[in-house]
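Residue-level structure breakdown
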Amino acid sequence: MSQQGYVATPPYSQAQPGMGGYPTGFGAPPPQSHYGHYGAPAQPFAPQAAGMKFPKSRTYFRQSPQSPTSSAAPQPFQMSPPTPMGHAPLSPQGPQLPPLSACPPMAASPPVGVPPMVMPNCQPGSPLMGGGGFQPQAGPQGFPQQPGNRGLIVLQNFKCHCKCSILYWDHVCEQILSVALAVGSYGGQVPGSQMAGPPAGAFPGAFPGGAAQMAGPPQKKLDPDSIPSTTQVIEDDQVKRGGQLYTTNLRGQVPPFVTTSFSVQDQGNASPRFMRCTTYSFPCTSDLAKQCQVPLATIIKPLASVPKNETPLYIVNHGEAGPIRCNRCKAYMCPFMLFIDGGRRYQCGFCNCVNEVPVQYFQHLDHMGRRLDMYERPELSLGSYEFTATLDYCKNNKPPNPPAYIFVIDVSYNNIKSGLVKLICDELKTLLDQLPKEEGAEGSAIKVGFVTYNKILHFYNVKSALAQPQMMVVSDVAEMFVPLLDGFLVNFQESRAVINNLLEQIPDMFSDTNESETVFAPVIQAGVEALKAAECSGKLFIFHSSLPMAEAPGKLKNRDDRKLVNTEKEKTLFQAQRGIYEQLTKECVNQGCCVDLFLFPNQYVDLATMADVPAHTGGSVYKYSNFQVQVDGQHFLSDLRQDVKKSIGFDAMMRVRTSTGFRATDFYGAIYMNNTTDVEMAAVDCEKAVTVEFKHDDTLSEDVGALIQCALLYTSISGQRRLRVHNLSLACSSQLSDLYKSCETDALINFFAKSAYHAMLAQPVKVVREILVKQTAHMLACYRKNCASPSAASQLILPDAMKVFPVYMNSLLKTPALVGSAELSTDDRAFHRLSVMAMGVEESQVLFYPRLIPVHSMDVASEAVPSAVRCSEERLSDTGAFLLENGQCIFLWLGQACPPDIIQNFFNVPSLAHLGTDMSSLPELDNGHSKKLHSIICAISQQRSSSTKMVIVKQKDRSEMLFRQHLVEDKGLYGGASYMDFLCYVHREIRQLLT
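About the cut-offs
Residues numbered from 1 in each chain as written. Predicted model: local features only at pLDDT ≥ 70, side-chain atom pairs only at ≥ 80, totals over all residues. Heavy atoms only, no water. Helix = DSSP H or I, 4+ residues; strand = E, 2+ residues; numbered from the N terminus. Buried < 20%, exposed > 50% of the residue type's maximum accessible area, 1.4 Å probe, protein only. Contact = heavy atoms within 4.5 Å. Patch = residues over 30% accessible without salt bridge, like charges linked within 9 Å, V, L, I, M, F, W, Y side chains within 5 Å. Areas by Shrake-Rupley, 256 points an atom, 1.4 Å probe, with all protein chains shown as cover. Salt bridge = Lys/Arg side-chain N within 4 Å of Asp/Glu carboxyl O. Pairing = 2+ DSSP bridges. Axes fitted to C-alpha atoms, helices over the stretch in contact; angles between N-to-C directions. pLDDT = per-residue confidence, 0-100. Disulfide = S-S within 2.5 Å. Phe/Tyr/Trp six-rings, centres within 6.5 Å; stacked < 30°, edge-to-face > 60°. Lys NZ or Arg CZ within 6 Å of the ring centre and 35° of its normal. Parallel < 35°, antiparallel > 145°, perpendicular 65-115°, else oblique. Left-handed = near helix turned anticlockwise from the far one by under 90°. Expected span 1.5 Å × (residues − 1). Core = buried A, V, L, I, M, F, W, Y, C linked by side-chain atoms within 4.5 Å.

**Observations regarding the overall build of the protein**
For the protein, the helix and strand inventory stands at 23 helices and 33 strands. When each of the 995 residues of the protein is scored for burial, the buried share is 59%. Looking at the protein alone, contacts between residues at least 24 apart form 74% of all its contacts between residues at least 6 apart.

**What to know about a nonpolar patch on the surface**
Where nonpolar side chains cluster on the molecular surface, the patch consists of Met471, Val473 and Met509 and spans about 240 Å² of accessible area. Position of Met509 among the secondary structure elements: in helix 7 (residues 496-509).

**Remarks on the side chain of Lys932**
With respect to the helices, strands and loops of the structure, Lys932 is situated in helix 21 (residues 928-943). Contacts of Lys932, omitting those with residues within four sequence positions, involve Met858, Asp859, Val860, Ser862, Glu863 and Ala864.

**Looking at the sheet that holds strand 10 (residues 338-340)**
The pairing of strands in a sheet comes from backbone hydrogen bonds and takes either a parallel or an antiparallel form. In spatial order, the strands read 10-11-12; together these three strands make up an open sheet with antiparallel pairing. Lying at the two open borders of the sheet, with one neighbouring strand each, are strand 10 and strand 12 (354-356). For this sheet, the mean inter-axis angle between neighbouring strands, taken without regard to orientation, is 30 degrees. Pairing of strand 11 (residues 345-347) with strand 12, which is carried by three bridges, proceeds in the antiparallel orientation. Each residue of the ladder has a partner; that of Arg345, found in strand 12, is Glu356.

**What about the pairing of strand 8 (residues 297-300)?**
On strand 8, burial covers both faces: Ala297 and Ile299 on one face and Thr298 and Ile300 on the other are all buried. Bridge count between strand 6 (residues 275-277) and strand 8: three bridges; the pairing is antiparallel. In the sheet register, Cys277 faces strand 8, and the bridge partner there is Thr298. With four bridges connecting them, strand 8 and strand 26 (residues 690-696) associate as antiparallel partners. What sits directly across from Ile300, in strand 26, is Val690.

**With respect to the pairing of strand 27 (residues 706-715)**
Burial of strand 27 is extensive: ten of the ten residues sit out of reach of the surface. Neither face of strand 27 is exposed, since Ala706, Ile708, Cys710, Leu712 and Tyr714 on one face and Leu707, Gln709, Ala711, Leu713 and Thr715 on the opposite face are all buried. Bridge analysis of strand 22 (residues 648-658) against strand 27 gives seven bridges, and the strand direction is antiparallel. Bridging across to strand 27, Met654 finds its partner in Leu712. Where strand 27 lies against strand 28 (residues 721-733), ten bridges are found, and the strand directions are antiparallel. By the bridge assignment for strand 28, Tyr714 is matched with Arg722. As consecutive antiparallel partners, strand 27 and strand 28 are separated by five residues, and within that stretch Gly719 has a phi angle of approximately 90 degrees, a positive value.

**Thoughts on unusual backbone geometry**
Note on backbone geometry: most residues besides glycine have negative phi, and most peptide bonds are trans. With phi around 70 degrees, Asn352 is a residue other than glycine that occupies positive phi space. Mapped onto the elements, Asn352 comes out in the loop between strand 11 and strand 12.

**Considering the confidence of the model for the protein**
Averaged over the protein, the pLDDT score is 80; the fraction of residues at 70 or greater is 78%. Taken together, the stretch residues 1-220 has pLDDT below 50 and engages in 466 contacts with residues farther than four places along the chain or on a different chain.

**Quick word on the state of the cysteines**
Scanning the model with the defined rule gives zero disulfides in all. The structure places no disulfide on Cys334, whose sulfur is separated from the nearest cysteine sulfur, that of Cys348, by 7.2 Å. The cysteine Cys743 is free of any disulfide, with Cys292 supplying the nearest cysteine sulfur at 7.7 Å. Note on Cys743: relative accessible area 5%, which makes it buried.

**What to know about the environment of Phe636**
Here Phe636 lies in helix 12 (residues 629-645). Placed 312 residues apart in sequence, Phe636 and Thr948 show a C-alpha to C-alpha distance of 9.7 Å. Excluding its chain neighbours within four sequence positions, the residues that come into contact with Phe636 are Leu420, Leu423, Ile424, Phe543, Phe598, Phe600, Tyr624 and Phe627.

**Focus on the pattern of salt bridges**
Within the structure shown, the criterion is met by 49 salt bridges. Of the charged contacts, one joins Lys688 and Asp685 as a salt bridge, the two residues approaching to 3.0 Å between their closest N and O atoms. The residue Arg988 makes a salt bridge to Glu989 at a minimum N-O spacing of 3.6 Å.

**Quick notes on the sheet that holds strand 23 (residues 662-668)**
As summarised here, the arrangement of the four strands in space is 6-8-26-23, forming an open sheet in which the pairing is antiparallel. Edge positions in the sheet fall to strand 6 and strand 23, since each of these pairs with one other strand and no more. Taken over all neighbouring pairs, the strand axes of this sheet differ in orientation by 25 degrees on average, direction set aside.

**Here's the deal with the packing of aromatic side chains**
Taken as a whole and judged by the stated rule, the model has 33 aromatic pairs. Residues Phe543 and Phe636 carry aromatic rings whose centres are separated by 6.1 Å and whose planes lie at 90 degrees to one another, so their mutual orientation is edge-to-face. Separated by 93 residues along the polypeptide, Phe543 in strand 19 (residues 538-544) and Phe636 in helix 12 bring together distant segments of the chain. Taking 6.1 Å as the distance between ring centres and 70 degrees as the angle between the ring planes, the aromatic pair formed by Tyr668 and Phe751 counts as edge-to-face. Of this pair, Tyr668 sits in strand 23 while Phe751 sits in helix 14 (residues 745-759), and the two are 83 residues apart along the sequence. We note that Tyr668, like Phe751, is buried. An aromatic cluster is built from Phe543, Phe598, Phe600, Tyr622, Tyr624, Phe627 and Phe636, whose rings are joined through pairwise contacts. Residue placement shows Arg273 over the ring face of Phe262; its charged tip is 4.9 Å from the ring centre. Stacked on the ring of Tyr405, the Lys or Arg Lys539 has its end atom at 6.0 Å from the ring centre.

**Considering the packing of helix 14 against helix 18 (residues 826-837)**
Where helix 14 meets helix 18, the closest approach of the two axes is 9 Å, and the angle between their N-to-C directions is 130 degrees. One way to sum up the angle between helix 14 and helix 18 is to call them oblique. Both helix 14 and helix 18 take part in a crossing whose hand is left-handed. Facing Ala753, Lys754, Tyr757 and His758 of helix 14, the residues of helix 18 in contact are His832, Arg833, Val836 and Met837.

**A word on the environment of Thr567**
Inspection of the secondary structure puts Thr567 in the loop between strand 19 and helix 9 (580-591). On the basis of relative accessibility, which here comes to 30%, the residue Thr567 falls in the partly exposed class. For the pair Thr567 and Pro764, spaced 197 residues apart in sequence, the C-alpha to C-alpha distance is 7.0 Å.

**A few points about helix 18**
Taking 1.5 Å of rise per residue, twelve residues should cover 16 Å, and helix 18 covers 17 Å from first to last C-alpha, within 8% of that figure. The element helix 18 is largely enclosed, with a buried count of ten among its twelve residues. Turning to helix 18, its buried residues number three or more, namely Thr826, Asp827, Arg829, Ala830, Phe831, His832, Arg833, Leu834, Val836 and Met837.

**Structural notes on the nonpolar core**
If you look at the biggest cluster of nonpolar residues, it comprises 160 residues, and the most contacted ones within it are Leu457, Phe459, Ile524, Ile542, Tyr740 and Leu812. When residues of this core are assigned to their parent elements, the largest contribution, ten residues, is made by helix 15 (residues 765-786). By size, the runner-up hydrophobic cluster in this structure holds 44 residues, among which are Val411, Cys425, Phe598 and Leu637.

Shown next as structure tokens:
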């Protein structure tokens, strides 16, 4: 692009302090301590290889290459076809001019031949935009920054002859663009709605609002419809692949999106419900991996639920001999093993070692070299299956006992007064009938026990022979022990009468308590000791409400210091206080004791420390701030029911094996690691996912591909030791275009979120944000450099499979954990961080891009859920009603001019003014609109693994602030750029890298 003439810099073309909480322009090179492989210094871009493959489809953002001093009229230009394989371009690089008939005519195109506008008195380096002048500065990773980057404004959006999605961006006078940006993005009337937006500069992390005060005629606003739409991409995949049968018989096959409804038929590779990858085509060499910086990772949900219309996993029992394994690498028998020598030996697909086939396992081969019993043995024909484990896989070579559930209730003053203790006790009377059980079993084998506590602990003997339950008190919490063995853990069916009696008495026993201090670490210690005494694994359900400040091991102090936000010490806010909690984690993992924590805080509770044991034992954390039984009771009970009922495995250990050439290096999730290879989990349930990153240690072969085997050893809810195996084969390529073509955005953002949230514990949050943005720019710049057809440097070209990646990344940067705002509570930020660390791809996708569904215009006769719209304030209307769901909450937003008939149909009140401000539930009414709305909410809830809280929001009410936080395409309430601004910023970073 021409550097002639003087052009004032628009807001995003120079470093802006505070964008999304980033330092000046994200531009300073990061410090040497990086997280992961991909924080390393960028590799210089290699020249494009001759014969480079080009993907068939891309998204282009184009700028006219017109020079500011040129008097020639700007010419419309179009994409040249991909260069034929093995040949250099036949024409000079840059835009080619095919006949005008090659593309559809453009509507409302700008007049051709208009001379560029000149801004008077614009000198190089003049402080036009808050100091944003022309001083060249070093770009990131040592690339020089290109001065005078031009503004971008959308003019057209259409399809060209080569099926590329092209967005034309053109140069305009920077003064006019700045005004358009200020008016269109930051304040004033929002297109398509009558709602006034926040004033420019109202939020931290926004661009300076100086441009808005500059004189200039009103200009056409930037068109948000012309940048890639997540809702459109999701809808297109649903139309293309929804309702279809996805067979897993191909190597490196890219599955449908997690948002698409499809069925899976296992034909040799694990279902995407169990394993999803960031890309399904790995680069052959480590140099290619470093060059593109696309992380190579898989997200594994080993115990994921399988829909009823799909075949459940087969259980293979090889008797006392146990599963067949490779002698060298210990990989389990799977479809990747090659049988040779007439079936007497097999070659391991992972390490190539040749093994003898055990006599009892021998079978002849057919004319294709396949075993005759291939389709009769799940381990030879399926991607996922289970083995019954032998005593060699059990602790002390003894079969395990069935697990136990221990309910531990905080009976301090707050919980008694709020009615929480009575609510829990009443619910447990019926909930314990629904403990998880094996398929076909009459009842659950799980035993149950009960503890209450404040400063001291109370254990209960609920043996079936007793007429009344017996309480035993342990007041010496420094030396915790369990005062009884027989009668503490019992079968619910046998002791039902005694247990129900106890649950009736607990609220009355403590009704007069004034004790407000509590302990916490001794509570976990008591649970571990009880499971040790019973020689079983299990789970603690702890219901707790306050910072444990009583004199006891694990006493915590208030260390909430918001002044540390955006400083080097901010990371300490998310680090758990060590000592006894670290020791407890080890003890829990060794015993197979999982901890689920239900928190009901009214103030700071140091969630980072209290949730540390659950976060490393495969547990879950639930948080209900300022809990009120009437408002939050149903949400809590839904969470408790799902948590008790869900399928789960205990005392688990997972190992990920790979074929030669690459290996698993980093693991993220609700896990504990004592060494570099074994992932230990006290328990793993159907919702927990582990994200695994891979790195090269040799060259991969395109012919063989990359093989991954995940083996999970666990104890089932009936007390049976099992091995669950998932196998996946990926393609390998020496062409980067193949890698980008097979990327999965939803898996990528899951990886980036977890790796960033892990890095927050060791590096300043500000540095983590910088690395995320730099890596985003580097991945897209590498694609532009090595995979796209030759074209003007001013174009933004996105890979088709990653065209909405920027909106997800921008949403991640605005999450509570990363946004860096002192207005957000430290506990809320820590809670968000820990929640995401255990999420699968389905949960993280909807969290980072919530669904916004208009319900005022829904078709009552249709059974389908209405199509979602883009997650932006611009899509809202004063006269509308919208559902927004992110997997954790469902908001029903009501415009202030919402028609009375809609309000009447939904709530049975005449108008919006008659609605209370604290409504948390939706009445079920006998009319079409109400039934349809409930069916939509029901359909959403069935898609989500955890229960969702219902929040009703009226436009311009105080509660609307919480709703607006989830409109991820807009500027963040606590800092962070809008989608449009972030895209512009990434475009500039890419151009710096390419210069």
